[in-house]
Amino acid sequence: MVFTDNNTHVVTAGYDGLLAEWTPGGVALRHVMTPSPIPCMAASNRDDRLITGHGDGSVRIWRLHDLSLLEERKLHRGKVRAVALEATGGRYASSGADGDVYVWTDDTRAAPLERPPTDAWSLVFSPDGRWLYGGGWFRLFRWNPNDGAFESLPTEHHGIIKSIQFVAGSGELATISRQTDSAVLFLDPATGAVTRRFQKHELCGASIAVSPRGRYLATTSDDASVRIWVLNRQGETGAH
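Reference entry: report on the structure contained in this document. Here the structure is a predicted model, which means the values were calculated and not measured.

Describing the packing of aromatic side chains
Inference 1: For the coordinates displayed, the defined rule picks out eight aromatic pairs.
Inference 2: When the centroid spacing of 5.3 Å and the interplanar angle of 40° are considered together, the rings of tryptophan 143 and phenylalanine 150 count as tilted.
Inference 3: Looking at tryptophan 143, the relative accessible area reads 0%, which means it is buried.
Inference 4: Taking the centre distance of 5.3 Å and the plane angle of 75° together, the rings of phenylalanine 198 and tryptophan 229 count as edge-to-face. Residue phenylalanine 198 is found in strand E20 (residues 194-198), and its partner tryptophan 229 is found in strand E23 (residues 226-231); the two are separated by 31 residues along the sequence. Here the two residues phenylalanine 198 and tryptophan 229 agree in accessibility, since each one is buried.
Inference 5: Counting every residue linked through ring pairs, the aromatic cluster contains Phe141, Trp143 and Phe150.
Inference 6: A cation sits over an aromatic face here: arginine 81 above tryptophan 121, 3.8 Å from the ring centre.

As structure tokens, then:
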């Protein structure tokens, strides 16, 4: 799920292949039925772009404000695990169940990056666009999209790092894991070391999100819980 139009509308994507825009009250504004399940998506309001990854290995680029299809690329053998948009340079990235990771722009061919030791289940560009980060089993992956340099960083996660996002203002990476773990951690993106810890969920972690100004943290889990955390300047945390 992503917010659009100054946070007044919501775009959702599902395993049924449906891409749809809604009002906060649940009124459907528009929808597109795609040919394949959508396990992942990312958006940039500034660039008016939405990227979706599909179960058939395809990646599709959409205009965010009206869900018009701009481009389709068949990049992966098997389903797409994760997609990402660079906020500063117009680059896209995707990773798949085939282990491949690609980076491209609207005007360039998809360039393969070094394959990580396990599938990259999550992807995000750093705010300055210098790095592409991914999460796999236990480890944080880091690529330099310009020269292809790759690092695999150890973390304290004990499962798949399923969802990652940069925290505005701090440069930390917010992360949540699943399968054999449900930890919620903020990491130093340079080393993978823990900078802040949060209460684990009872079951596998699913998704993590940080508000644009870095004040709130939200996490979801297979235990059907949603937790909202208030982050203050001293780095202390509280759950609601």
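After that view of the structure, there is still more to cover.
Quick word on the pattern of salt bridges
Inference 1: All told, the structure shown has 14 salt bridges when counted by the stated rule.
Inference 2: One salt bridge connects arginine 73 with glutamate 71, and the closest N-O pair in it is separated by 2.4 Å. Exposure class is identical for arginine 73 and glutamate 71. Each is buried.
Inference 3: Note that arginine 178 and aspartate 222 form a salt bridge whose closest N and O atoms lie 2.7 Å from each other.

Examining the nonpolar core
Inference 1: Membership of the largest hydrophobic core comes to 13 residues, with the highest contact counts inside it found for Ala84, Ala93, Leu113, Leu123, Leu132 and Trp143.
Inference 2: Counting only elements with at least two residues in this core, the list comes to strand E9 (80-85), strand E11 (101-104), strand E13 (122-125) and strand E15 (139-143).
Inference 3: When near neighbours in sequence (up to four residues on either side) are disregarded, leucine 113 contacts Val101, Val103, Leu132 and Trp143.
Inference 4: Ranked by size, the runner-up nonpolar core spans twelve residues in total, among them Ala42, Ile61, Leu75 and Leu85.

Cut-offs applied
- Counting restarts for each chain: residues are numbered from 1 in the order of the written sequence.
- The predicted nature of this model means local features are confined to residues of pLDDT at least 70 and side-chain atom pairs, given and counted, to a pLDDT of 80 or more, with totals for whole chains, interfaces and linings taken over all residues.
- Only heavy atoms go into the side-chain values, all of them from the structure, while hydrogens and water stay out.
- Two aromatic rings, drawn from Phe, Tyr or Trp (for Trp, its six-membered ring), form a pair once their centres lie within 6.5 Å of each other, and the interplanar angle then sorts them: stacked below 30 degrees, edge-to-face above 60, tilted otherwise.
- Burial classes follow relative accessibility: with a 1.4 Å probe on protein chains only, a residue under 20% of its type's maximum area counts as buried, one over 50% as exposed, and anything between as partly exposed.
- Going along the chain from the N terminus, every DSSP run of H or I of four or more residues is numbered as a helix, and every run of E of two or more is numbered as a strand.
- Here, a charge over a ring means that NZ of Lys or CZ of Arg falls within 6 Å of the ring centre while also lying within 35 degrees of the ring normal.
- In what follows, salt bridge is the name for a side-chain nitrogen of Lys or Arg lying within 4 Å of a carboxyl oxygen of Asp or Glu.
- Here, nonpolar core refers to any group of buried Ala, Val, Leu, Ile, Met, Phe, Trp, Tyr and Cys residues whose side-chain atoms link them within 4.5 Å.
- Any two residues whose heavy atoms approach within 4.5 Å are treated as being in contact.

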